[in-house]
Amino acid sequence: MEQSQLMQYLPVLMLIVVAIGFAAGTLTISVFLGQSAKRTKAKDMAYECGANPIGENTPRFSIKFHLVAMLFILFDIEVVFLYPWAVVYRDMLADHATRNLILGSMISFMFILFAGYLYALKKKAFDWKN
Amino acid sequence: MDWNFIIFSAVKIAVVIGVVQGMVAYAVLAERKISAWIQDRVGPNRTAPPFAKHIPVLGRLLTRLGMFQPLADGLKFMFKEDFTPAGVRKIYFFLAPAIAVIPAMLTVAVIPFGSVLGGQKMVIADLNVGILYTFGIVSLGVYGIVLAGYAANSKFPFLGGIRSSAQMISYEISMGLSVIPVLLIVGNLNLGQIIGWQAQHGWLILYAPLAFVIFLVASFAETNRLPFDLPEAETELVGGYHTEYGSMKFALFFLGEYSNMIASSGMMVTLFFGGWTLPFWGLDHPAATLVSGIIHILIFLVKMAAFIVLFIWVRWMFPRFRYDQLMDLGWRRFLPLALVNILITAIILWMRA
């Protein structure tokens, strides 16, 4: 059975509808079925091991987390670039004209990225000890 | 419109979702039982509906094995008070569990769980972007956890959410890079084609063992399982991002976590262990009869169950990593290792061609 590209995604769309329906359904069911008990002041408090909450509820956090997010974007784009290369690699190896081109271009790409990685390493971006 | 296609897709979706939910429920039971055996305990052995004791031998056996426990757990989740603390950010508080569970359910779409059955390919969506789709969807899972940490407006969930996001995105890179040697060897993103290649040439674990090791460890980190369960480290963060959650909302996080575990087991089986194939008894060709089609599905399920047991086993055998060790492993060990692995694979293929 030959299907168009778009038709292939129809089951995915159906699955998305089912998943959203499932999530919404279970959340609503529990609202109706769950027994409601008395609301007290202590119950409404944010949990802090039994003590009253102290200070801000969303504390300040290390800048390192932000740095990791930035580096993630950088390297994830690299991964995305590598995928199409990996898929065509075999075919282009078979062709004598493009054989060295495909390897050389990716080695140079990875070399530049590795230089960036070494820079981040030198700048202690991955150092979580202190 | 091709109604046949739509109806068969609907049936496949219903069955797969049903099976995954059932597997989640019994994976929780397996977890409790295996942990009990490892720690020389008995585990759940007495939950039973009233009619169970009237069934001659089977009733007692099933009770002993705790087979009714997941049912009781499910009912309990439903009938618990659906409590929303006053301090939370209401909309996000409701949205977060849904966002955590939806991507977890979507990842199974491209995994081929069998060859053919009655002329139908046993995969929900036979996409030619296969693996790319999975990674795209898996990335979305981070949002649910970050949102949960933010919505709870409390310190422990907040720290858990922040930690978790950094951990998941760090290991996603290693995971994405570790698959590339497989793609280099096979030259196709479609998971069905990858299985077809393995049926001809042998399982990919033999060709890319390092890629498998990186993928395995990264999937432990992605699913927040011990040794990398820092987002919900009980001794440090109480319950992590779901500290403030209860009843069904908590259950949805749990469901998401276990569905992710099942999906990544399925991915490992498909990518490295030949999917539904076995190299002997002629089981590596698409099924011609109904019986061999069912056998293929069973083979896939058994392989997957083996990985789920591995996930559980590791959880009770290893101590937790420290956060700096976790980041160190992800960024300073696995990332360069995966890159070198890609380079070596590419050069070997270049020399051979």
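Predicted, not measured: the structure shown is a model, and the values here were computed from it.

Thresholds applied
In this numbering scheme, every chain counts its residues from 1 along its sequence in written order. Each chain takes a letter, starting from A, and each ligand takes a number, starting from 1, following the order in which they are written. Whole-chain, interface and lining totals are the exception, using all residues; otherwise, since this is a predicted model, local features are given only for residues with pLDDT of at least 70 and side-chain atom pairs are given and counted only at 80 or more. Note that water and hydrogens are dropped before the side-chain values are worked out from all heavy atoms of the structure. For this analysis, residues touch if any pair of their heavy atoms sits within 4.5 Å. Defined here as a combined quantity, buried area equals the accessible surface (1.4 Å probe) lost by two parts on assembly, summed across both. Salt-bridge detection follows one rule: a side-chain nitrogen of Lys or Arg within 4 Å of a carboxyl oxygen of Asp or Glu. Under this definition, polar contacts are N or O atom pairs within 3.5 Å; protein pairs additionally need one hydrogen-donor-capable and one acceptor-capable atom, and for neighbouring residues in sequence, both atoms have to be side-chain atoms. Comment: elements are numbered from the N terminus, with helices defined as DSSP H or I runs of at least four residues and strands as E runs of at least two. Amino acids outside the nonpolar list (Ala, Val, Leu, Ile, Met, Phe, Trp, Tyr, Cys, Pro) and the charged list (Asp, Glu, Lys, Arg) are all regarded as polar, and Gly is one of them. Fitted lines through C-alpha atoms give the axes, limited to the stretch in contact for helices. The angle between two N-to-C directions lies from 0 to 180 degrees. Convention used here: angles under 35 degrees read as roughly parallel, angles over 145 as roughly antiparallel, angles from 65 to 115 as roughly perpendicular, and any remaining angle as oblique. Rotating anticlockwise by less than a right angle from the far helix to the near helix defines a left-handed crossing, while the corresponding clockwise rotation defines a right-handed one. Each residue is placed in one exposure class: buried if its accessible area under a 1.4 Å probe, protein chains only, is under 20% of its type's maximum, exposed if it is over 50%, and partly exposed if it falls in between. Each residue carries a pLDDT score, the predictor's own confidence in it, on a scale running from 0 to 100. The pairing test for Phe, Tyr and Trp rings, Trp by its six-membered ring, is centres within 6.5 Å, and the orientation test on the planes gives stacked under 30 degrees, edge-to-face over 60, and tilted for anything in between. In this analysis the charged atom, NZ for Lys or CZ for Arg, is taken to sit over a ring once it is within 6 Å of the ring centre and within 35 degrees of the ring normal.

1. A look at the interface of chain B and chain A
- Across the boundary between the two partners, chain B contributes 82 residues, which contact 71 residues of chain A.
- Contact with chain A buries area across many residues of chain B, yet B:Lys155, B:Trp331 and B:Trp350 alone supply 10% of it, more than any other trio.
- Our count for the contact surface shared by chain B and chain A stands at one salt bridge.
- Across the pair A:Asp127 and B:Arg332 runs a salt bridge whose closest N-O atoms are separated by 3.9 Å.
- Where chain B touches chain A, the interface holds eight residue pairs in polar contact (both at pLDDT 80 or more).
- For the side of chain B that touches chain A, the leading source of residues is helix 6 (residues 155-186) of chain B, giving 17 residues.
- Here the side of chain B that touches chain A is built from residues that sort into 56 nonpolar, 12 polar and 14 charged.

2. Digging into the packing of helix 10 (residues 247-272) of chain B against helix 11 (residues 290-315) of chain B
All names here are of chain B.
- Where helix 10 meets helix 11, the closest approach of the two axes is 9 Å, and the angle between their N-to-C directions is 125°. In terms of axis orientation, helix 10 runs oblique to helix 11. The chirality of how helix 10 crosses helix 11 is right-handed. Contacts between helix 10 and helix 11 involve Tyr258, Met261, Ile262, Ser264, Ser265, Gly266, Met268, Val269 and Thr270 on the former and, on the latter, Phe300, Lys303, Met304, Phe307, Ile308, Phe311, Ile312 and Arg315.
- Partitioning the contact of helix 10 with helix 11 into residue classes produces 11 nonpolar, four polar and two charged.

3. Points about the pattern of salt bridges
- Throughout the structure, instances matching the rule amount to nine salt bridges over all chains.
- B:Asp328 is paired through a salt bridge with B:Arg333; the nearest N and O atoms lie 3.4 Å apart.
- Its relative accessible area of 14% is what places B:Asp328 among the buried residues.
- Beyond isolated ion pairs, a larger network of salt bridges with shared partners links A:Asp127, B:Asp328, B:Arg332 and B:Arg333.

4. What about the environment of B:Gln120?
All names here are of chain B.
- With respect to the helices and strands, the residue Gln120 is situated in strand 2 (residues 120-121).
- Sequence separation between Gln120 and Phe94 is 26 residues; the distance between their C-alpha atoms is 38 Å.
- Those residues in contact with Gln120 that lie beyond four places of it in its chain are Phe8, Lys12 and Ser115.

5. Focus: the packing of helix 2 (residues 10-33) of chain A against helix 4 (residues 90-106) of chain B
- Where helix 2 of chain A meets helix 4 of chain B, the closest approach of the two axes is 9 Å, and the angle between their N-to-C directions is 145°. Relative to helix 4 of chain B, the crossing made by helix 2 of chain A is right-handed. On helix 4 of chain B, the residues touching A:Leu15, A:Ile16, A:Ala19, A:Ile20, A:Phe22, A:Ala23, A:Leu27 and A:Val31 of helix 2 of chain A are B:Phe94, B:Ala98, B:Val101, B:Ile102, B:Met105 and B:Leu106.
- Tallied by class, residues from the contact of helix 2 of chain A with helix 4 of chain B come to 14 nonpolar, no polar and no charged.

6. Brief notes about the confidence of the model for chain B
- Chain-level statistics for chain B give a pLDDT mean of 84 and a share of 98% at 70 or above.
- No element of chain B has a lower mean pLDDT than helix 9 (residues 234-237) of chain B, which averages 70, and none a higher one than helix 8 (residues 209-222) of chain B, which averages 90.

7. What about the environment of B:Leu210?
Residues and elements named next belong to chain B.
- Looking at the element boundaries, Leu210 is found in helix 8.
- For Leu210, a relative accessible area of 33% translates into the label partly exposed.
- A sequence separation of 140 residues divides Leu210 from Trp350, and the C-alpha atoms of the two residues are 19 Å apart.
- Apart from residues lying up to four places away in sequence, Leu210 is in contact with Leu337 and Asn341.

8. Here's the deal with the packing of aromatic side chains
- If you walk through the whole model with that rule in mind, you get 25 aromatic pairs over all chains.
- Aromatic pair A:Phe81 and A:Phe109: ring centres 6.0 Å apart, planes at 90°, arrangement edge-to-face. Here A:Phe109 lies in helix 5 (residues 99-122) and A:Phe81 lies in helix 4 (residues 64-94), a separation of 28 residues in the sequence.
- With a centroid separation of 4.2 Å and an interplanar angle of 10°, the aromatic rings of B:Phe93 and B:Tyr245 are classed as stacked. Residue B:Phe93 is located in helix 4, and its partner B:Tyr245 is located in the loop between helix 9 and helix 10; the two are separated by 152 residues in the primary sequence. Each member of the pair, B:Phe93 as well as B:Tyr245, is classed as buried.
- Grouping aromatic residues by their ring pairs yields a cluster made of B:Trp203, B:Phe212, B:Phe215, B:Phe272, B:Phe273 and B:Phe307.
- Over the ring of B:Tyr150 we find B:Arg89; its NZ or CZ atom is 4.1 Å from the centre of that ring.
- Between the NZ or CZ atom of B:Lys249 and the centre of the ring of B:Phe94, over which it lies, the distance is 4.6 Å.

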